[in-house]
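Here's the letter readout for the chains.
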Amino acid sequence: MSSSIAIVNIGQLAALSGFARPRAGPDLRELNLIPDAAMLIECDRIAATGTYAELRSRIAPDAIVIDAGGRCVTPGFVDAHTHLVFAGNRADEFEKRIGGATYQEIAAAGGGILHTVKLTRAASEEELLAGARRHRDWMLRGGTTTLEAKSGYGLDRDTELKMLRVLRRLNEEGPARIVATLLAAHTVPPEFASRRGEYVCRVADELIPEVAASGLARYCDAFCDDHAFTVAEARTVLASAKGHGLGIRVHAEQFRTGTGAALAAELRAATADHLETATDETLIHLRDAGVQPVLLPGSVFALGRTQYPPARRMVELGLAIVLATDFNPGSSPVPSMPFMLSLACVQMGLSPAEALSAATINAAWSLGLGDTVGSLEPGKQADFLIHEFSDYRELAYFIAAPLRPRVFVGGGEVMP
């Protein structure tokens, strides 16, 4: 079989090329749209993009030719914040929230994260792998070709390592690329409720060094909030992770200001995630420290809240925003990146172009993969989507439509 592939009859190619850095401000709107386009692929890499007229003579005689049917082609989505691996679900809590219970009230009663922890601890590695594969396939069908995934439903050494092994196996299996994050500092496990400091020390002094040495995770995260960890506790965990060569990500400012964003800036984290309650002062600190905000409108939507992250203000201030699902069994059982684009536009005031940049190339940079995926330009992996429409704006416009793009990873079509 030929290693050359030509994608032809592309009505609109959203290449998102031209910037060797995360996009901020007006650059978020620059998609480098190419009409009547073609894309050439050699092995698993993009060799060229341009108009069909420009590239027609470069198509090899033995190339595999794929007709895009005049449709829109974009990079595959990069979902930079997910909780992919867990056992069971929390449909009962979903019903309780509809009845008026808050996320915090459910957590205080022993539900929430701790309910999933109990189920995940009891599940075998094979059971967790099967569940995670199912969730991954949901994402692939919607066009997600690269994703970050966290542990955090173990809160003990054995289960955290079990979750990370599942992520490693799923990444090796493919076709989606999975970047693993250690989130042992998700919440305090019940057996350490009266010994919080001891748990923090175990994570910082024992688990993080082991995970870093084994290569099971590329990043470390901490949930900094009233029902999770204090700023001081999160600093202990994240400083240890940084000292052991792991990248830093922080759940911050979701329910209350002053919960983690300043710490993310202090440690020059890769990302600060959530930020629903972030102030202008906080956002300026993050911008100046080069921290990318990861916006998670799915959790706001699923929790029935109305305070979305101040995305429009972030763009005005020049932050390189990222858009992700926060897929998890409690606060955001939402695996769809197209739905995130709709929420970003309708609820947070982003333009369709800004949302697409945040969900592809900026997300890739936040994972240290900006030179590999997230845009369609020579040298990058050929992860792309052939959509069912001809205009990229329809991604956000047709809200929750059952769209099924043709999904390609490394130039090969994926059918999950």
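Student: What is the right way to look at the overall build of the chain in this model?
Tutor: Helices and strands together make up the secondary structure of the chain, namely 16 helices and 16 strands. Its C-alpha radius of gyration of 21 Å places the chain within 12% of the 22 Å reference for a compact globule of 416 residues. The principal-axis extents of the C-alpha atoms in the chain amount to approximately 70 × 45 × 45 Å. When each of the 416 residues of the chain is scored for burial, the buried share is 59%. When contacts within the chain are restricted to residue pairs at least 6 apart in sequence, long-range pairs at least 24 apart make up 72% of them. When the accessible area of the chain is evaluated, it comes to approximately 15400 Å², of which 52% is carbon and sulfur surface.

Student: Help me out: how do you make sense of the pattern of salt bridges in this one?
Tutor: For side chains of opposite charge, pairing can occur when their charged atoms come near one another. Throughout the structure, instances matching the rule amount to 29 salt bridges. Put simply, Lys150 and Asp221 hold a salt bridge, and the shortest N to O gap is 2.8 Å. Taken as a pair, Lys150 in strand β7 (residues 144–150) and Asp221 in strand β9 (residues 219–223) lie far apart in primary sequence, 71 residues in all. Looking at Lys150, the relative accessible area reads 0%, which means it is buried. Using a relative accessible area of 0% as the deciding quantity, one classes Asp221 as buried.

Student: What should I look at first to understand helix α6 (residues 157–173) in this one?
Tutor: Quick reminder: α-helices carry 3.6 residues per turn. Residues three or four places apart thus point the same way. With 17 residues, α6 extends 24 Å between its outermost C-alpha atoms, agreeing within 8% with the 24 Å of an ideal straight helix rising 1.5 Å per residue. Among all positions of α6, only Thr159, Glu160, Leu161, Lys162, Met163, Leu164, Val166, Leu167 and Leu170 are buried. Packed against the buried residues of α6 are α4 (113–122), α5 (125–141), β7, β8 (177–185) and α7 (196–214). Phi turns positive, to about 70 degrees, at Gly174, one or two residues after α6.

Student: What's the story with the side chain of His83 in this structure? I'm lost.
Tutor: Locating His83 in the fold gives a position in the loop between β6 (77–79) and α2 (91–98). A polar side-chain atom of His83 sits 3.2 Å from a polar atom in the side chain of Asp326. Ignoring any residue separated from it by four or fewer positions in sequence, one finds His83 in contact with Lys150, Ser151, Tyr153, Leu183, His186, His251, Asp326, Phe327 and Asn328.

Student: What is the right way to read the sheet that holds strand β10 (residues 247–252) from this model?
Tutor: The strands making up a sheet are joined through hydrogen bonds of the backbone, oriented either antiparallel or parallel. Taken in spatial order, the eight strands line up as β6-β7-β8-β9-β10-β11-β12-β13 in an open sheet, and their pairing is parallel. Every interior strand has two partners, whereas the edge strands, β6 and β13 (322–323), have only one. In this structure, β9 lies alongside β10, joined through five bridges in parallel fashion. The residue bridging Cys220 from the neighbouring strand is Ile248, located in β10. Running over the sheet, α6 touches β7 and β8 and is turned about 175 degrees from β8.

Student: Where do I start with the environment of Gly50 in this structure?
Tutor: Considering the arrangement of structural elements, one finds Gly50 in strand β3 (residues 45–51). By relative accessible area, Gly50 is classed as buried at 3%. Through-space distance from the C-alpha of Gly50 to that of Met39 is 6.7 Å; in sequence the pair is 11 residues apart. Ignoring any residue separated from it by four or fewer positions in sequence, one finds Gly50 in contact with Ile34, Ala37, Ala38 and Leu55.

Quick notes on the rules
Residues numbered from 1 in each chain as written. Predicted model: local features only at pLDDT ≥ 70, side-chain atom pairs only at ≥ 80, totals over all residues. Heavy atoms only, no water. Helix = DSSP H or I, 4+ residues; strand = E, 2+ residues; numbered from the N terminus. Rg over C-alpha atoms; globule rule 2.2 N^0.38 Å. Buried < 20%, exposed > 50% of the residue type's maximum accessible area, 1.4 Å probe, protein only. Contact = heavy atoms within 4.5 Å. Areas by Shrake-Rupley, 256 points an atom, 1.4 Å probe, with all protein chains shown as cover. Salt bridge = Lys/Arg side-chain N within 4 Å of Asp/Glu carboxyl O. Expected span 1.5 Å × (residues − 1). Polar contact = N/O pair within 3.5 Å; in protein donor to acceptor, adjacent residues only side chain to side chain. Pairing = 2+ DSSP bridges. Axes fitted to C-alpha atoms, helices over the stretch in contact; angles between N-to-C directions.

What is shown is where atoms sit, not what they do.
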